[in-house]
Amino acid sequence: MKRISILQPSYLPWLGYFDQMARVNAFVFLDDVQFTRRDWRNRNRIRTQEGWAWLTVPVIQKGKFEQTLLDVEIDHSKQWIGKHLKNFRSHYSKTPQFGFYFPQLESILCKRHERLVDLCLETCLWLKESLGIETAIFRSSELEVEGSKTGRILNICRKLSATHYLSGDSARDYLREDRFSRYNIELEYQNYGHPEYPQRYSGFEPYLSVVDLLFNCGGDSLNILIGSTG
């Protein structure tokens, strides 16, 4: 059996992203599709005393409506790195594992990546390693597959000799199960149930970046993350 999952690279993704990664034999970063605005590719949420707040990586979009993720440039004129680091220090410096993980994250952000995809890939791979996930990683741009929507996903599955495809629940709207069955690939959905874990501020806020879990729970993060699967 070979189970794979395919997701677009995103900025400091949520817990469910890494649950999918941990549950498969091969994980593919879908990095050569069209960039979607006001989406999770260049932003995510962290915990604050008031609840949560966005951390957004500004990108150059004017006149580039058709650009792919591979082409999106970060807009460093916005001075965003200092703002993100300040927010991490303000809201997480008193968490149990901040002192261990923050310098690693700070080092990555301070590289001033020119392209969004490079920033997302490096932070995702750092988070994968920090969580202790051992899944094999691929990039769709390096697999030389064609197609769109179900066809593209299916072609990646066939390229990697998948027997099972694990998808996020939102894809139910467009994935065609009959096409997977035609190639003896079983289509599965994640059905992720979000866990609760200790956070710095009172009251629990779900659906944050996984760095919130990592800063609070450190080495226990993966067990908390995957233990929530339905």
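Residues numbered from 1 in each chain as written. Predicted model: local features only at pLDDT ≥ 70, side-chain atom pairs only at ≥ 80, totals over all residues. Heavy atoms only, no water.

Student: Quick question: what am I supposed to make of the environment of Gln-79 here?
Tutor: By secondary structure assignment, the location of Gln-79 is in the loop between strand E4 (51-56) and helix H2 (80-92). Under the relative-accessibility criterion, Gln-79 is labelled exposed at 56%. (Helix = DSSP H or I, 4+ residues; strand = E, 2+ residues; numbered from the N terminus. Buried < 20%, exposed > 50% of the residue type's maximum accessible area, 1.4 Å probe, protein only.)

Student: In this structure, what is going on with helix H5 (residues 150-159)? I would like to understand it.
Tutor: Residues three or four positions apart in an α-helix share a direction because the helix packs 3.6 residues into each turn. The element H5 is largely enclosed, with a buried count of 7 among its 10 residues. When H5 is considered as a whole, its buried residues turn out to be Thr-150, Gly-151, Arg-152, Ile-153, Leu-154, Ile-156 and Cys-157. Elements in contact with the buried residues of H5: strand E1 (3-7), strand E2 (26-29), strand E6 (164-167) and helix H6 (177-182). The first or second residue beyond H5 is Ser-161, which carries a positive phi of 55°. (Contact = heavy atoms within 4.5 Å.)

Student: Even after reading the chapter, I still don't get the pairing of E2, so can you show me in this structure?
Tutor: The two faces of the sheet receive side chains in turn, since in a regular strand these alternate between them. Residues Ala-26 and Val-28 line one face of E2 and the alternating positions Phe-27 and Phe-29 line the opposite face, and both faces are buried. The pairing of E1 with E2 spans 4 bridges and is classified as parallel. From the neighbouring strand, Ile-6 faces E2, where its bridge partner is Val-28. Crossover E1 to E2 through helix H1 (residues 15-22) is right-handed. Direction of pairing for E2 relative to strand E5 (residues 136-139): parallel, over a ladder of 4 bridges. In the strand pairing of E5, Phe-29 is matched with Arg-139. (Pairing = 2+ DSSP bridges. Right-handed = clockwise from strand over helix to strand, strands pointing away.)

Student: What should I look at first to understand the sheet that holds E5 in this one?
Tutor: Sheet strands associate in pairs through backbone hydrogen bonding, adopting either a parallel or an antiparallel arrangement. With respect to topology, 5 strands assemble into an open sheet ordered E5-E2-E1-E6-E7, the strand pairing being parallel. Only two strands of the sheet have a single partner each, and these edge strands are E5 and strand E7 (186-189). Across this sheet, the average inter-strand angle for adjacent strands is 25°, counted without regard to direction. Sheet topology note: the E6/E7 ladder contains 4 bridges and is parallel. Paired with His-164 across the bridge in E7 is Glu-186. Packing of H1 onto the sheet brings it into contact with E1, E2, E5 and E6, and relative to E2 it is tilted by some 135°. Most of the contacts of helix H4 (residues 116-131) go to E5, to which it runs at about 170°, and overall it touches E2 and E5. (Axes fitted to C-alpha atoms, helices over the stretch in contact; angles between N-to-C directions.)

All we've got here are geometric facts, nothing functional implied.
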